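As a plain string of letters, each chain reads:
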Amino acid sequence: MAVTEDVAKEGIEQETVDAVKTVGEKYKYGFETDIEMEYAPKGLNEDIVRLISEKNNEPEWLLEWRLAAYRRWVQLEEPDWAMVDYPEIDFQDQYYYARPKSMMEKPKSLDEVDPKLLETYQKLGIPLREQMILAGVEGAEDIPAEGRKVAVDAVFDSVSVGTTFKEELAKAGVIFMSISEAVQEYPDLVRKYLGSVVPVSDNYYATLNSAVFSDGSFVYIPEGVKCPMELSTYFRINAENTGQFERTLIVADKGSQVSYLEGCTAPKRDIAQLHAAVVEIVIMEDADVKYSTVQNWYPGDEEGKGGIYNFVTKRADCRGDRAKVMWTQVETGSAVTWKYPSCILRGDDSQGEFYSIAITNNYQQADTGTKMIHLGKNTKSRIVSKGISAGRAQNTYRGLVTMHPKAKNSRNFTQCDSLLIGDKCGAHTVPYIEVKNNSSRVEHEATTSKVDDEQMFYCLQRGMDEEEAVALIVNGFAKEVLQALPMEFAMEAQKLVAISLEGSVG
Amino acid sequence: MFEIKNLKASLADEDKQILKGMDLTIGDGEVHAIMGPNGSGKSTMSYVASGKPGYVVDEGEVLLDGVNLLELDPAERAAAGLFLAFQYPVEIPGVGNMTFLRTAVNAQRKARGEEELNAAEFLKLVREKAKSLKIDADMLKRPVNVGFSGGEKKRNEILQMAMLEPKMCILDETDSGLDVDAMKLVSEGVNALRDGKRSFLVITHYQRLLDHIKPDVVHIMADGRIIKTGGPELALEVEHNGYADLLNEVA
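What you are looking at is a predicted structure, and each value in this text was computed from that prediction instead of being measured.

1. Regarding the interface of chain B and chain A
You'll often see interface size given as the accessible area lost when the parts meet.
Reasoning step 1: Each partner contributes residues to the interface: chain B has 40 residues there, and chain A has 22 residues.
Reasoning step 2: Overall, the association of chain B and chain A removes approximately 2,600 Å² of surface from exposure, summing both partners, and the carbon and sulfur fraction of that is 66%.
Reasoning step 3: Applying the counting rule to chain B against chain A returns two salt bridges.
Reasoning step 4: The salt bridge partner of Glu454 of chain A is Lys52 of chain B, with a shortest N-O separation of 3.2 Å.
Reasoning step 5: The interface formed by chain B and chain A includes 11 residue pairs in polar contact (both at pLDDT 80 or more).
Reasoning step 6: Of all elements in the fold, only α1 (42–50), β4 (55–64), α2 (74–80), β6 (82–85), β7 (92–96), α3 (97–111) and α6 (150–164) of chain B reach the threshold of two or more residues within the side of chain B that touches chain A.
Reasoning step 7: Sort the elements by how many residues they give to the side of chain B that touches chain A and α3 of chain B lands first, with seven residues.

Right under this line is the structure:
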């Protein structure tokens, strides 16, 4: 680009057009796996709910729980208060259950696994040993692992296809398996905690999830145990017209500790797909849970076609005194994001933290934030939200901080920063604050800025190209949140920040 | 060799020509200084040469070893070997100084088809260069220029210059806002980079900087062009008599 204005204008516009055109192409995980699937009939009714329950061989109480949720859901109306705009979802035009056929019988060796399933995991960057375990190969668990250990549960469309490091975790007393297995093996634990944080009646999408959730992960960390490795769940939507409704339940007993990571991808399709998950975390006295998400669902193409509609309910309940929870999320994907990971600070001196980076480009829309419900004395919460908008995207932070009458001497600090790239995008901050006692303190800071031309030129003069420069500046803007992520995740997230913003400048 | 040939340039936003036919040739290894009253176009020349948006080139060429820089984008000009030490280095919150330096060094190496430096190689190099400029480890870790004093910012510019090893360095009023000690430190940093091949163009208002960075040639600029060229004694003359006589001489 030369310095003359007319040349620059023409050149930039062409460059921008070309760059934007390739954005959709650059979504690395947009491939589709052509694999034989078993589907439930399309649409949603009581029979489908029964069928899902039957596929998972569930006890009667769970079927009843699901049916109660379904009957409630049909009477509910989809909420419309969020700052997101999307065509009406036809809930009858979806599949609610899909699983790879090869999962019906456990393969004996790698040769028997549908190679396409393995290929999928390989493309997603999962190591071979993990690929084998995830594909359900018998004996794969006995092969020694290399490098640092992270236990993985992978959910492919509606079912969990395998969990790694189960035995090693079991030695420490940690239970980590798919929730469908947990229903069979630990029915009492599941029954005790399922729906205790996010009740069936909570909200439209949570109620829908309660009726049709097909799988997900279950974690139990016993009293005093520090989980010997990081746990992670990998969510993959592959099948067409299929919603993914997974349910994660984490219980951290007294004095325990665990760090949990969650990653998500989906193929590129013209038709939007639905993802409505529920995550419940129960944290007892002195326990500490860190939950990190890198959400990279397909965001739709450069014209806003396709992509995942992500309606997720995540909540942690600090039931015991001095319980601690930290949510960290990097949201770069999805066409529509509706997500408010929340903390109920019930125990005295309990602490909740929420760190978030939400990046929207092209026509993406995100309405995301958190709720900090202070119930106990001396409870503390901290919110750091970094919203980045480019293209024609809209990015909203929506957060609630409430101090109940008994939450004496509690404190909250909220910082919401928005960064705009270009002049066709939007950033919005919607804080709700309720204080019902006079000894608590709530602080809220918000800023909105644009990527500064002087900063850009400084980087360019030192030899960086425009995309490198934007990525560097944005990563700097989001640094406080990136630092809250586990090491490997932070590296990945940094790269993702750069990829998500490709084509946003010209 | 760095050459500016009949350079005419205007502000993009208003129809106002700032550079009105500037000519300048700096041979390899030479140090030239440009002095001149406010508004004479000294800084504009540095921005136009490095490709800052907001200016329109009406005529002329800026050549570095025969390559017309005006046909390249700013990053390509940097990779070709042009470095601008800014008068007001910007702050980039959250971006560590080291990260910034490494990204810049590797971006240029990549653009030139050279292998990128790995973390260990880079660290060794940066520590070595930082030491001579009295830049401590803490300053390397802090976000780029955030909370830096005037002197620290200018030293940081020289550190970037040392790391990027450009062919041609333009120093835009590097002495502004510096006390005597800081100016000495910065000048020593610049002098250490004089290797007989690298060329410098020092833009300044004051002769005192030229006591430390000794120029081979001094130019006086006024109203968008060079009006007089001479040896170091020309700077002393300006220091004593101001620009008035020179301007009258031309007029």
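2. Quick word on empty space enclosed by the protein
Residue and element names in this part refer to chain A.
Reasoning step 1: Counting across every chain of the model gives five cavities of 30 Å³ or more.
Reasoning step 2: By volume, the second largest cavity is sized at about 100 Å³.
Reasoning step 3: Lining the second largest cavity are 14 residues, and of these Ser385, Gly387, Asn395, Thr396 and Tyr397 sit closest to its centre.
Reasoning step 4: Of all the secondary-structure elements, those providing two or more residues to the lining of the second largest cavity are β17 (351–360), β19 (380–389), β20 (394–403), β21 (411–420) and β22 (426–435).
Reasoning step 5: A breakdown of the residues in the lining of the second largest cavity according to their chemical character gives four nonpolar, nine polar and one charged.

3. Brief notes about the pattern of salt bridges
Any two side chains of opposite charge can pair, given that their charged atoms come close.
Residues and elements named next belong to chain B.
Reasoning step 1: Scanning all chains against the criterion turns up 29 salt bridges over all chains.
Reasoning step 2: As a salt-bridge pair, Glu91 and Lys153 come within 3.6 Å of each other at their nearest N and O atoms. One end of the pair, Glu91, is in the loop between β6 and β7; the other, Lys153, is in helix α6, and 62 residues separate them in sequence.
Reasoning step 3: For Glu91, a relative accessible area of 36% gives the class partly exposed.
Reasoning step 4: For Lys153, a relative accessible area of 18% translates into the label buried.

About the thresholds
- Residues numbered from 1 in each chain as written.
- Chains lettered and ligands numbered in written order.
- Predicted model: local features only at pLDDT ≥ 70, side-chain atom pairs only at ≥ 80, totals over all residues.
- Heavy atoms only, no water.
- Contact = heavy atoms within 4.5 Å.
- Buried area = accessible area lost by both parts, 1.4 Å probe.
- Salt bridge = Lys/Arg side-chain N within 4 Å of Asp/Glu carboxyl O.
- Polar contact = N/O pair within 3.5 Å; in protein donor to acceptor, adjacent residues only side chain to side chain.
- Helix = DSSP H or I, 4+ residues; strand = E, 2+ residues; numbered from the N terminus.
- 1 Å grid on protein atoms, 1.4 Å probe; cavity = no way out; pocket = protein on both sides within 12 Å on 5 of 7 lines; lining within 4 Å.
- Points joined across faces, edges and corners; volume = space filled by probe spheres on them.
- Nonpolar A, V, L, I, M, F, W, Y, C, P; charged D, E, K, R; others polar.
- Buried < 20%, exposed > 50% of the residue type's maximum accessible area, 1.4 Å probe, protein only.

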